[in-house]
Amino acid sequence: MIPLPLGRVAEITAGALMGLTDPRAVVRGPVVIDSRAAEPGSLFVALKGERVDGHDYAVQACESGAVAVLAARPVEAPAVIVGDVVGALAELARAVVAELPALTVVGVTGSAGKTSTKDLLARLTARIGPTVSPVGSYNNEIGHPLTVLKADAETRYLVLELSARDLGHIAYLAGIAPPRIGVVLNVGTAHLGVFGGKDVIARAKGELVEALPKDGVAVLNGDDPLVAGMAERTEARVTWFGRGAGAHIRALDERLDERGRAAFTLRTPTGAAPVRLRLYGAHAVANALAAAAAAYELGLPVATIADELSQAEPRSRWRMEVTDRADGVTVINDAYNANPDSMRAAFAALDAMAAGRRTFAVVAALRELGEDGPELNEGVGRLAAGAGLAGLLVVGENAGEIMAGAPDAIHAPDVAAAAAELAERLRPGDVVLIKGPRAAGLERVAERLIGGDAR
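Scope of this entry: the structure provided in the associated data block. (Residues numbered from 1 in each chain as written. Predicted model: local features only at pLDDT ≥ 70, side-chain atom pairs only at ≥ 80, totals over all residues. Heavy atoms only, no water.)

**Re the nonpolar core**
In terms of nonpolar packing, the biggest core is built from 57 residues, with Leu4, Val31, Leu92, Leu158, Leu220 and Met230 touching the most fellow members. A per-element tally of this core places helix α3 (residues 85–98) first, with nine residues. Not counting residues up to four positions away in its chain, the partners in contact with leucine 158 are Leu103, Thr104, Val105, Val106, Val132, Thr147, Val148 and Ala177. Listed in part, the 41 residues of the second largest apolar core include Val106, Ala122, Leu266 and Leu300. (Core = buried A, V, L, I, M, F, W, Y, C linked by side-chain atoms within 4.5 Å. Buried < 20%, exposed > 50% of the residue type's maximum accessible area, 1.4 Å probe, protein only. Helix = DSSP H or I, 4+ residues; strand = E, 2+ residues; numbered from the N terminus. Contact = heavy atoms within 4.5 Å.)

**Let's talk about the pattern of salt bridges**
Tallying each qualifying case throughout the model produces 23 salt bridges. Arginine 315 is the partner of aspartate 119 in a salt bridge, and the nearest nitrogen-oxygen pair spans 3.5 Å. In this pair, aspartate 119 is assigned in helix α4 (residues 114–125) and arginine 315 in the loop between α12 (302–311) and β17 (321–324), connecting sequence segments 196 residues apart. Linking arginine 438 and glutamate 443 is a salt bridge whose minimum nitrogen-to-oxygen distance equals 3.1 Å. According to the relative accessible area criterion, arginine 438 is partly exposed, its value standing at 29%. Salt bridges sharing common partners tie together Asp53, Asp56 and Arg73. (Salt bridge = Lys/Arg side-chain N within 4 Å of Asp/Glu carboxyl O.)

**Overview of the pairing of strand β12 (residues 217–221)**
With five of its five residues buried, β12 lies for the most part within the structure. On β12, burial covers both faces: Val217, Val219 and Asn221 on one face and Ala218 and Leu220 on the other are all buried. The sheet contact formed by strand β11 (residues 181–184) and β12 spans four bridges and is parallel. Bridging across to β12, valine 184 finds its partner in leucine 220. With five bridges connecting them, β12 and strand β13 (residues 237–242) associate as parallel partners. (Pairing = 2+ DSSP bridges.)

**Quick word on helix α17 (residues 443–450)**
All of the buried residues in α17 are Glu443, Val445, Ala446 and Leu449. Looking down the long axis of α17, one finds its buried residues gathered within 150 degrees of arc, a one-sided arrangement. In this fold, the buried residues of α17 make contact with β18 (330–334), β19 (359–364), α16 (415–425) and β22 (431–435). Phi for glycine 451, located one or two positions after α17, is positive at around 80 degrees. (Arc of directions from axis to C-beta.)

**Thoughts on the sheet that holds strand β5 (residues 43–45)**
With mixed pairing, five strands are arranged side by side in an open sheet as β2-β7-β6-β5-β4. Two strands lie at the open edges of the sheet, namely β2 (16–18) and β4 (31–32), each paired on one side alone. As paired strands, β4 and β5 are joined by two bridges and run parallel to one another. Directly across from valine 32, in β5, lies its bridge partner phenylalanine 44. In the packing of helix α1 (residues 6–13) onto the sheet, contacts are made with β2, β6 (68–71) and β7 (79–81), and the angle to β7 comes to roughly 15 degrees. Sitting on the sheet, α3 touches β4, β5 and β6, and the angle it makes with β6 is about 120 degrees. (Axes fitted to C-alpha atoms, helices over the stretch in contact; angles between N-to-C directions.)

**Some details on the sheet that holds β22**
The six strands lie next to each other as β17-β18-β22-β19-β20-β21, forming an open sheet whose pairing is mixed. Among the strands making up the open sheet, the edge pair consists of β17 and β21 (410–412). Each strand axis lies, on average, 20 degrees off the axis of its neighbour in the sheet, ignoring direction. Judged from the five bridges that link them, β19 and strand β20 (residues 391–395) form a sheet pairing that is parallel.

**Things to note about the packing of α16 against α17**
Relative orientation of the contacting elements α16 and α17 amounts to 40 degrees, with a least axis distance of 9 Å. When the interaxial angle is binned, α16 and α17 end up oblique. Seen along the crossing, α16 lies across α17 with a hand that is right-handed. On α17, the residues that touch Val415, Ala416, Ala418, Ala419 and Leu422 of α16 are Arg444, Val445, Arg448 and Leu449. Of the residues belonging to the contact of α16 with α17, the class tally is seven nonpolar, no polar and two charged. (Parallel < 35°, antiparallel > 145°, perpendicular 65-115°, else oblique. Left-handed = near helix turned anticlockwise from the far one by under 90°. Nonpolar A, V, L, I, M, F, W, Y, C, P; charged D, E, K, R; others polar.)

**Overview of the packing of aromatic side chains**
Enumeration according to the criterion identifies zero aromatic pairs in this entry. Seen from the ring of tyrosine 336, arginine 319 lies directly overhead, with NZ or CZ sitting 3.7 Å from the centre. (Phe/Tyr/Trp six-rings, centres within 6.5 Å; stacked < 30°, edge-to-face > 60°. Lys NZ or Arg CZ within 6 Å of the ring centre and 35° of its normal.)

So, in structure tokens, the structure goes:
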């Protein structure tokens, strides 16, 4: 974060300095929402959640070195009191971006693949300048400004992931850190119940390209008709990625190795280079192309792009994490989140990786699908039933919706029961896919199967 006196923080956030607060005291960062992460020079943002109120930890944060607390009510510590803490956090981030004219902001959105694409792109931009990007999926009205506030005078690229919970949400996030390059991956069925239809999802995702300036670039997936239609919603120049002949950035000669990792020829307007991904699944190719297209627009040579894509390892947790146990069992932990589209991609990856070995899957009913939920979950069941599995475990509530399409599946009431069932059934050499909505907590099944920390 750029250094800001508390008086300036109060001015930006329309806040009032309370307590023994010195307006000349300087916040140098980081800006944190966990009092345990406070350190000398930091600003602690007191958020009130359903179970924990950050205001109760204000003193602890300041004892750890925080200069002050951004709070909604007086606390027993130096504070900037504001009417809306989340809104004030956004205003602070917006002001910091305005102070960094050399900064290039790149936004990434889509129904699936945002985090993986963001991770690849951040690796690429780091080759040409100091880069800030979120770890994991810090893509909402809290995580987004917190990531922005990590930028300082040295930062040249800010690679951000933008998620939409409703219409107007991406426009709001883009207003905090206005993007010059906007990447739209796809329009799928994630949060279908919230939006009510794919056309509405497309309207929401397209808010990113609407936020681009005339001299900006919209990086669009030419293989997705709903994304392609967004070209009419922006005055920015459009560059296409995909497999079609009309794409500026294309993948040719695609193939999968015995572990389900893709290799292809990356074709650009100025040349081509071979790519051999270390990421799992054919769906990773589209993410790699999107990252390559944005990097190409920033001036990276095709050889450099291909080399970086070929070296990239999975960065964010629980997204196609593959672990081989000592007994030869392979565990695929893709439990961060799920929707019908990502389910299909995950089962395709499982099939490619299994190479004739016995396969199992642990899934949970998908959420936020609205009135189409039962039908779509039944479709997931049919997908799994047709995958040639040796066993399918459905965890938690609404398991019946999936089992309507997979009547031979086993219902496990919780993750402990699922792990116990697998422990009884797995043999050396088997492959297990773990995939479900974040709220289901299926990563804990992976923890029990391979050990380690899966919090």
